[in-house]
Every structure is written in C-alpha cells, then in structure tokens.
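# Observations on chain architecture
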Amino acid sequence: MSVVTHIPDTHELDGEDAAETLARVERTDLLRDAFVRFRVADGFSYARSMAFQLVLTLIPGVALAVALAALMGEGRLQSALRSIIESLAAGPAGDVFLRVFDQSAENAALNRYAVIATAALATVIGAATAMAQLQRGASRIYGVMSDRPTIRRYATALGLSLTIGVLLTVAFVLLVLGGGLTDFLGETVAWWKWGRWILGFVLLPISFAALYRAAPNRQQPRVAWLTTGSTVGVVLWFAVSAALAWYLNASTTFGETYGPLAGVIGVMLWAQLSSIAILYGLAVAAQLEAERSGITEPTRPDPTNGESH
C-alpha cells in the first residue's frame, strides 16, 4: 500500500521558478507521475462524488434558465434554449434535458416565481456540494489529509460556486452553447460570432487556474505554477466532451443497452469524465510543484503497514 507524498508550500516562488522547473522536467514523466498521484490520492472516488453533484446542479440549472426566460417574456430565448439542447446532446443524453425543459416550461407558465426559487436553491446547493467534494479531492492530491472546518469548507464552496462557478458557466455558454444564441441576439451584436470564442478561451483557463488556487486546503503558489495544470485540464475536458458527444450521437447500441435510463447514464458519464479532467489537471500542477521541491516520486510506502519510507 502507498500514500501520496505531501508537497510542502512553495508559495514564495515566482513564475520564473515555474518555467525553469517545467523546462527541466520530462513532459511524459510529469503526466505519468501526475496520474499516479491522482490515482493514489483516490482521485477517481472524489471525481465520482463531484460528478454526482454536478448532475444535481445541471438539471435544476436548466429548469432555472427556462423559468427565467419565461419571466422575461422571451419566447425566442426559450426556443433558442431548446434548439441548443437538441443540438448539443442529440440522442439519449439530450432526452433528459428536453424533458426537464418541457416540464419547466409548463411549471413556469403556472407559477414562475416558485419555479425560479426552487430551481435556484437546488442549483446552488448542488454546486456548493460539488465544490466541497472538489476541495477534499484537491487537498488529498497535494498530500494534505486535513479538511477545512465544516462551516468554513461549505462557506468556501458556496463562494467558489457563486464566483468561479459562474465564470466556468459563462465560459461554457460562450464556447459550447454560444452558436445557438446567434439567431436570438440578431444583428445587434454582430461581434458575437467571433468574439465569444476569444472571450471563452480566455475565461476557461483563467477559471481553471483560479479554481486550482482556491480549492486545496493549503497556501497555493502563484498562478504561474498552476498554468500548466489548468491548460492540461482544459484540453482534457474539451477532448473527453467532444469524444463523448461523438460517441453518443454515433452509437446505435447505447440507447438499446440502457433503455429509458440512457439519457441519465449519458449525463452522468459526461459529468464523471469532466470531473476526472478537472482533478487530473490539478494533479499535474501539484506534481510540477513537487518536482521543484525535489519530490520525484508521487507516492511513498504507507507507514501504517509497517513498511519503511
């Protein structure tokens, strides 16, 4: 049995130190050791917990968007949202959100304010709980076994949800959903067709780096030390999202295998892969910092089993 090695604080180091460390480390070794660190720190388990909460955030989030569009009296926006869902997750995975969309539209027509309040509360609770799981997983990846006190942990999680979580949502909308809003926005924002890509590609890595800096229960280094990990996390997230979307759209057996549960399974699979991408990117950042501290091995023997260090 092994445990992940603890990484001492290196918050006093600057960007030049990060660049020098990255220059002398083999990229393949860094990625391999980061995966070992992620696995031994039980990253897959924390990713599963985080993914479950992400699903509980996404579904009421869709209901909230539909109810807000209804409150604004924007039928075109509702139509655009439905078109986005159909194009983004065609097939089994999209069926879940389409059912949520239709049900939310019906409920909003009866009592918009109740739907908005309920959906907003469920979305915030789900997001905060997901961020709390991320905090625990992030700390373990750095070899920090203690968590923040409960009240502080969930207060931090709520703060992360309302700040970085919102930035991540905006970046996701710009990059993934923005095309479906072009017709709704019309010619009044002609820059939208290209400007959304620039803004989205700026916000996404910044959001990842900010998340990596705030999540672990330790004093994190400067953002320069987190840039490599956030870049890996963003690229991996794009890759798994695109690959899964292609598979769900092209597969002829996925729906037959899972039947009426296919949509739920598809959403959960995306949330699971996304959570792994986020935590693995953090493991890359952690292992780079470990290399600077002279910790070349991501794990060590577990002393509780009577093994020597």
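Residues numbered from 1 in each chain as written. Predicted model: local features only at pLDDT ≥ 70, side-chain atom pairs only at ≥ 80, totals over all residues. Heavy atoms only, no water.

Within the chain, the secondary structure is distributed over 13 helices and two strands. Within the span of the chain, comprising 309 residues, buried residues form 45% of the whole. For the chain, restricting intrachain contacts to residue pairs at least 6 apart in sequence, the fraction spanning at least 24 positions comes to 80%. For the chain, the accessible surface area stands at approximately 15,100 Å², while carbon and sulfur atoms represent 64% of it. (Helix = DSSP H or I, 4+ residues; strand = E, 2+ residues; numbered from the N terminus. Buried < 20%, exposed > 50% of the residue type's maximum accessible area, 1.4 Å probe, protein only. Contact = heavy atoms within 4.5 Å. Areas by Shrake-Rupley, 256 points an atom, 1.4 Å probe, with all protein chains shown as cover.)

Grouped together as the largest cluster of nonpolar side chains are 51 residues, with contacts concentrated most on L134, I141, Y142, L204 and F208. Per-element accounting of this core gives the leading share, twelve residues, to helix α13 (residues 262-292). Ignoring anything within four residues of it in the chain, the contact list for L204 reads L168, A171, L175, V234, W237 and F238. Of all hydrophobic cores here, the second largest spans six residues; its members include A63, L64, V115 and I116. (Core = buried A, V, L, I, M, F, W, Y, C linked by side-chain atoms within 4.5 Å.)

A few words on the packing of aromatic side chains. Across all of its chains, the model carries eight aromatic pairs by this definition. Note on F35 and F38: the rings are 6.5 Å apart at their centroids and 35 degrees apart in plane angle, and the pair reads as tilted. Placement of both F35 and F38 in helix α2 (residues 27-40) is noted, with a separation of three residues, approximately one turn of the helix. Assessed through its relative accessible area of 38%, F35 is described here as partly exposed. (Phe/Tyr/Trp six-rings, centres within 6.5 Å; stacked < 30°, edge-to-face > 60°.)

Now for a nonpolar patch on the surface. On the surface, F52, L56, V264 and M268 cluster together to form a nonpolar patch covering roughly 330 Å² of accessible area. Contributing elements (two or more residues each) for the nonpolar patch: α3 (43-71) and α13. Assignment of secondary structure puts M268 in helix α13. By relative accessible area, which is 37% here, M268 ends up partly exposed. (Patch = residues over 30% accessible without salt bridge, like charges linked within 9 Å, V, L, I, M, F, W, Y side chains within 5 Å. Salt bridge = Lys/Arg side-chain N within 4 Å of Asp/Glu carboxyl O.)

In this structure the tally under the stated criterion is six salt bridges. In this structure, D33 engages R32 in a salt bridge whose closest nitrogen and oxygen atoms are separated by 3.2 Å. The class of R32 is partly exposed, set by a relative accessible area of 47%. In this structure, E289 and R218 form a salt bridge, with 3.1 Å as the shortest nitrogen-oxygen distance. Taken as a pair, E289 in helix α13 and R218 in the loop between α10 (192-214) and α11 (227-250) lie far apart in primary sequence, 71 residues in all. Its relative accessible area of 12% is what places R218 among the buried residues. A network of salt bridges, in which partner residues are shared, links D9, R218 and E289.

Bringing helix α7 (residues 150-162) into the picture now. For α7, built from 13 residues, the straight-helix expectation of 18 Å at 1.5 Å per residue is met to within 8% by its first-to-last C-alpha distance of 18 Å. Among all positions of α7, only R153, A157, L160 and S161 are buried. Looking straight down α7, one finds its buried side chains confined to an arc of 100 degrees; they lie on one side. Facing away from the buried side of α7 by over 90 degrees, the exposed positions are I151 and L162. (Expected span 1.5 Å × (residues − 1). Arc of directions from axis to C-beta.)

Residues of helix α1 (residues 15-24) that are buried include every one of D17, A18, T21 and L22, and no others. End-on view of α1: buried residues confined to an arc of 130 degrees, all on one side of the axis. Among the exposed residues of α1, those oriented more than 90 degrees off its buried face are E16, E20, A23 and R24.

Right, let's talk about the layout of surface pockets for a bit. If you add up the space inside the second largest pocket, you get close to 160 Å³. If you go around the second largest pocket, you meet eleven residues; those closest to its centre are V3, V4, V40, A41 and M145. For the lining of the second largest pocket, the leading source of residues is strand β1 (residues 2-4), giving three residues. (1 Å grid on protein atoms, 1.4 Å probe; cavity = no way out; pocket = protein on both sides within 12 Å on 5 of 7 lines; lining within 4 Å. Points joined across faces, edges and corners; volume = space filled by probe spheres on them.)

Let's shift gears to the environment of V144. With respect to the helices and strands, the residue V144 is situated in the loop between α6 (112-141) and α7. Since its relative accessible area comes to 9%, V144 is described here as buried. The spacing of V144 and P216 is 72 residues in sequence and 8.1 Å in space, taken between C-alpha atoms. Ignoring anything within four residues of it in the chain, the contact list for V144 reads H6, S139, N217 and R218.

Looking now at unusual backbone geometry. Of note in this structure, D42 is not a glycine but carries a positive phi near 65 degrees. Counting through the fold element by element, D42 comes out in the loop between α2 and α3.

This part covers the environment of L121. Along the chain, L121 turns up in helix α6. Taking the relative accessible area as the measure of exposure, L121 reaches 53% and is therefore exposed. Considering only alpha carbons, one finds L121 and L64, 57 residues apart in sequence, at a separation of 9.6 Å.

That's the geometry; what it means functionally is another story.
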